[in-house]
Amino acid sequence: MQEVWSAPVRYIECDQQGIAFNSHYLAWCDEAVSGWLAVRGTPYESVLERGLDTRVVGSELAWSAPARWGDAVTVDAECARVGTSSFAVRFHVRVADRLCCTVTTTYVLVDSAGPTPVPDDLRAAWLDQTAG
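The structure contained in this document is the topic of the report that follows.

So, how was this worked out
- Residues numbered from 1 in each chain as written.
- Predicted model: local features only at pLDDT ≥ 70, side-chain atom pairs only at ≥ 80, totals over all residues.
- Heavy atoms only, no water.
- Salt bridge = Lys/Arg side-chain N within 4 Å of Asp/Glu carboxyl O.
- Helix = DSSP H or I, 4+ residues; strand = E, 2+ residues; numbered from the N terminus.
- Expected span 1.5 Å × (residues − 1).
- Buried < 20%, exposed > 50% of the residue type's maximum accessible area, 1.4 Å probe, protein only.
- Arc of directions from axis to C-beta.
- Contact = heavy atoms within 4.5 Å.
- Phe/Tyr/Trp six-rings, centres within 6.5 Å; stacked < 30°, edge-to-face > 60°.
- Pairing = 2+ DSSP bridges.

## Topic: the pattern of salt bridges
Evaluation of the coordinates by the stated rule reveals 6 salt bridges. Here Arg90 makes a salt bridge to Glu78, at a shortest N to O gap of 3.0 Å. With Arg90 in strand E4 (residues 86-95) and Glu78 in strand E3 (residues 72-82), this residue pair connects regions lying 12 residues apart in the sequence. Among the charged side chains, a salt-bridge network with shared partners connects Glu3, Asp76 and Arg94.

Set out below in structure tokens:
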């Protein structure tokens, strides 16, 4: 699993106790997926240039510890699976060595007509655990 995004937890992202609101974990992972695509050698811009795009169809979150105001959160990512037209990325949101949340987001690859099969070169890049 590779680090693909990091930022401090901002005051606006927290409740009155200084704990990050749950919805921000999805925003952080949304930021991180672009980094994950880039380290796989398939930057988002290059996917778009091929006439393809991604749509989120589901996310599953499991919290294990809070991120707090002022913490630096880091998001690590890896491919969880690649199907016919979908793929899933598993994110670990952490503060230093403390795991805060695991998020698995499933995306569908689409073209102008709708869902489309994942091309072989993208499949290989996303599944390659040695890349990056």
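## A look at helix H1 (residues 23-39)
Helix length check: H1 (17 residues) gives 25 Å between terminal C-alpha atoms against 24 Å at 1.5 Å per residue, within 8%. Taken together, the buried positions of H1 are occupied by His24, Tyr25, Trp28, Cys29, Ala32, Val33, Gly35, Trp36 and Leu37. Just downstream of H1, Gly41 is the residue with a positive phi angle, here 80 degrees.

## Brief notes about helix H3 (residues 120-127)
Where H3 is concerned, the buried positions are Leu122, Ala125 and Trp126. What you see down the axis of H3 is that its buried residues fit within an arc of 95 degrees, all on one side. Contacts made by the buried residues of H3 are with H1, E3, E4 and strand E5 (98-111).

## Let's talk about the packing of aromatic side chains
Per the counting criterion, the structure on display carries 7 aromatic pairs. Taking the centre distance of 5.2 Å and the plane angle of 70 degrees together, the rings of Tyr11 and Trp69 count as edge-to-face. Taken as a pair, Tyr11 in the loop between strand E1 (2-8) and H1 and Trp69 in the loop between strand E2 (53-63) and E3 lie far apart in primary sequence, 58 residues in all. By relative accessible area, Tyr11 is classed as exposed at 62%.

## Things to note about unusual backbone geometry
In the Ramachandran plot, Ala96 falls in the positive-phi region, its phi being about 55 degrees despite a non-glycine side chain. Of note, Ala96 is situated in the loop between E4 and E5.

## With respect to the pairing of E5
Pairing analysis gives 10 bridges linking E2 to E5, with the strands arranged antiparallel. Of the residues in E5, the one forming a bridge with Ala62 is Thr102. Direction of pairing for E4 relative to E5: antiparallel, over a ladder of 10 bridges. Bridge pairing links Phe87 to Tyr107 in E5. Here E4 hands over to E5 after 2 residues, with Ala96 in that stretch at a positive phi of 55 degrees. As judged from the 2 bridges shared by E5 and strand E6 (residues 114-115), these two strands associate in the antiparallel manner. Along E6, the bridge assignment pairs Asp111 with Gly114.

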